[in-house]
Amino acid sequence: MAERTEENSHQVIMIGAGPAALSAAIYTTREDIDTLLLEKAIPGGLAAVTDQVDNYPGFPDGVAGLELANNLQQQAERFGAAIEPTEVTALHDEGEWKRIETITGDYYAKVVLIATGSAYKKLGVAGEEEYYARGVHYCATCDGAFYRDKRIAVVGGGNSAVQEAMFLTRFSSHLDLIVRSKLRASEILQKELQKFVDEGKITVHLGVTTDEIVGQEGKVTMVKGTDTETGNEVTIDTDGVFVFIGLSPNNQFAGDQFQTDEVGLIKSDANLMTNVPGIFVAGDIRSGATMQIASAVGEGATAALKIREYLEGHPIDVQAEV
Ligand SMILES: Cc1cc2nc3c(=O)[nH]c(=O)nc-3n(C[C@H](O)[C@H](O)[C@H](O)COP(=O)(O)OP(=O)(O)OC[C@H]3O[C@@H](n4cnc5c(N)ncnc54)[C@H](O)[C@@H]3O)c2cc1C
């Protein structure tokens, strides 16, 4: 464990440098609050690996995800935000100072913002990586509109899969819902789903695994699966596949000190503070998040303003206290 020094101490440390943290950093650094972001991959988070973002306000023709991510990073750095490439492995509330363990050493902060996002669970089948974002998707709000009057296949049988399948019918010419075993969605959702089935908008394939996503000339054309009862191969023609088999919150470093929901997303109060005083949370890792860049950016801004209020109530001078 490294001792606290001037060099490793900051007023605010943000874990992650995706849209939520970068937006928060624009606000904190512009007000001269010493802010360090710790990022294990590339700044910009999931936005940086999204091909085209069509629903981020202010860009009438859409914007490349990487361009948006770079702009957010440049704006935060213009005001003095520092981004350190490292992975956070543990977070300790030691009272006045929080100790952040990383693979490159310890850091200390008066306030921590957790903005580590979440990963969508993958099927792990052939074709999934190859057609990622070009026929295989994990976000209906983000990519559904690319499938107007086209066939869509949705994989999953829980609440999100059923909800998103029904939402996607506003675009699709027909939708196939592929469920490995049986539907796990709530009874109310299953009743709603039945209406779409009766109207011929959705076909539900129960007890069918998804084994391969097949394409031709760079485009998805079919899902291949197996009927678990008969063992027969099942093929479903489609133009795109949306996978909703769960979320993996990036919370491995957090231990059990935070209140979380059943998925593992971290709960906050109305100030976006967790149950640990001085530790805030924003973006896709927050319970109740809407998993959109615009909302992550908004939560980042809100968290920054609440962090400022918190710091004003707990005035500090990092250098004087070392
Ligand atoms: C394929 C795809 C397409 C999408 N398309 C759209 C779209 O069109 N429109 C839209 O609004 N949204 C879209 N989204 C969702 C959007 O990207 C997210 O909602 C948004 O990026 C969330 O921002 P965030 O800052 O909360 O988290 P993230 O963007 O996930 O950023 C979190 C960051 O934290 C880092 N991190 C995680 N753990 C650690 C750790 N232990 N130590 C250090 N760093 C860590 C990660 O590397 C990452 O950079 C899409 C998502 C995907 C996957």
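Throughout what follows, the structure given in this document is the object of discussion. (Residues numbered from 1 in each chain as written. Predicted model: local features only at pLDDT ≥ 70, side-chain atom pairs only at ≥ 80, totals over all residues. Heavy atoms only, no water.)

Attention now goes to the site of the ligand. Near the ligand you find 33 residues, and of these E39, L46, N55, D284 and I293 are the closest. In the environment of the ligand, an oxygen atom lies 2.9 Å from a nitrogen or oxygen atom belonging to the backbone of A20. One of the backbone nitrogen or oxygen atoms of D284 is found 2.9 Å away from an oxygen atom of the ligand. Across the complex, the protein chains shield 96% of the 1000 Å² of accessible surface that the ligand would expose by itself. Elements that contribute at least two residues to the shell around the ligand include exactly α1 (19-30), β2 (35-39), α2 (45-48) and α7 (293-313). No other element matches α2, which puts three residues into the shell around the ligand. Looking at the shell around the ligand, its residues break down into 18 nonpolar, 11 polar and four charged. (Near = heavy atom within 4 Å. Polar contact = N/O pair within 3.5 Å; in protein donor to acceptor, adjacent residues only side chain to side chain. Areas by Shrake-Rupley, 256 points an atom, 1.4 Å probe, with all protein chains shown as cover. Helix = DSSP H or I, 4+ residues; strand = E, 2+ residues; numbered from the N terminus. Nonpolar A, V, L, I, M, F, W, Y, C, P; charged D, E, K, R; others polar.)

This brings us to the sheet that holds strand β14 (residues 208-216). Spatial ordering of the open sheet is given by β14-β15-β16, a layout of three strands whose pairing is antiparallel. Both outer strands of the open sheet, β14 and β16 (233-237), are each paired with one neighbouring strand and no more. Shown here is a sheet whose adjacent strand axes are inclined to one another by a mean of 25°, direction ignored. (Pairing = 2+ DSSP bridges. Axes fitted to C-alpha atoms, helices over the stretch in contact; angles between N-to-C directions.)

In this section: the layout of surface pockets. Sizing a probe to match a water molecule and rolling it over the atoms shows the empty space that remains. As a volume, the second largest pocket reaches approximately 660 Å³. Contributing to the lining of the second largest pocket are 24 residues, with S160, A161, E164, F244 and L247 lying nearest its centre. Contributing elements (two or more residues each) for the lining of the second largest pocket: α4 (140-143) and α5 (159-168). Counting residues per element, the lining of the second largest pocket draws most heavily on α5, which supplies five residues. Among the residues making up the lining of the second largest pocket, the classes are represented as 11 nonpolar, nine polar and four charged. The residues that make up the lining of the second largest pocket include at least three from each of domain 1 (9-119 + 247-321) and domain 2 (136-243). (1 Å grid on protein atoms, 1.4 Å probe; cavity = no way out; pocket = protein on both sides within 12 Å on 5 of 7 lines; lining within 4 Å. Points joined across faces, edges and corners; volume = space filled by probe spheres on them. Domains from an automatic or database assignment.)

Where α1 meets α7, the closest approach of the two axes is 7 Å, and the angle between their N-to-C directions is 35°. The two elements α1 and α7 meet at a crossing, and its hand is right-handed. Residues P19, A20, S23, A24, Y27 and T28 of α1 form the contact with α7, whose own contacting residues are I293, A296, V297, G300, A301, A304 and L305. Classifying every residue of the contact of α1 with α7 by side-chain character gives 10 nonpolar, three polar and no charged. (Left-handed = near helix turned anticlockwise from the far one by under 90°. Contact = heavy atoms within 4.5 Å.)

Time to look at the packing of α5 against helix α6 (residues 187-198). The relative placement of two packed helices comes down to the angle between their axes together with the axis-to-axis distance. Where α5 contacts α6, the axes come no closer than 10 Å and their chain directions differ by 30°. α5 and α6 meet at a crossing whose hand is left-handed. For the pair formed by α5 and α6, the contact residues are N159, V162, Q163 and M166 on the first element and L189, E192, L193 and F196 on the second. Broken down by class, the residue content of the contact of α5 with α6 amounts to five nonpolar, two polar and one charged.

Note that Q11 resides in strand β1 (residues 9-15). A polar atom in the side chain of Q11 sits 2.9 Å from the backbone nitrogen of D34.

The next thing to look at is the nonpolar core. Ranked by size, the top nonpolar core spans 27 residues in total, and within it V12, M14, L37, V111, L113, F280 and I307 carry the most contacts. Listing elements by their share of this core, those giving two or more residues are β1, α1, α3 (65-78), β8 (105-114) and α7. Residues contacting I307, with those up to four places away along its chain left out, are V12, V111, L113 and F280. The next biggest cluster of nonpolar side chains, apart from the first, holds 21 residues, and it includes I152, V162, L177 and F242. (Core = buried A, V, L, I, M, F, W, Y, C linked by side-chain atoms within 4.5 Å. Buried < 20%, exposed > 50% of the residue type's maximum accessible area, 1.4 Å probe, protein only.)

As a further point, take the sheet that holds strand β17 (residues 240-243). Taken together, the five strands give an open sheet; going across it, the order is β10-β17-β11-β12-β13, and neighbouring strands pair in parallel fashion. Looking at which strands have only one partner, the edges of the open sheet turn out to be β10 (136-137) and β13 (202-206). Where β10 lies against β17, two bridges are found, and the strand directions are parallel. Bridging from a neighbouring strand, H137 pairs with F242 of β17. This element, α6, spans β12 (174-179) and β13 of the sheet and lies at about 115° to β13.

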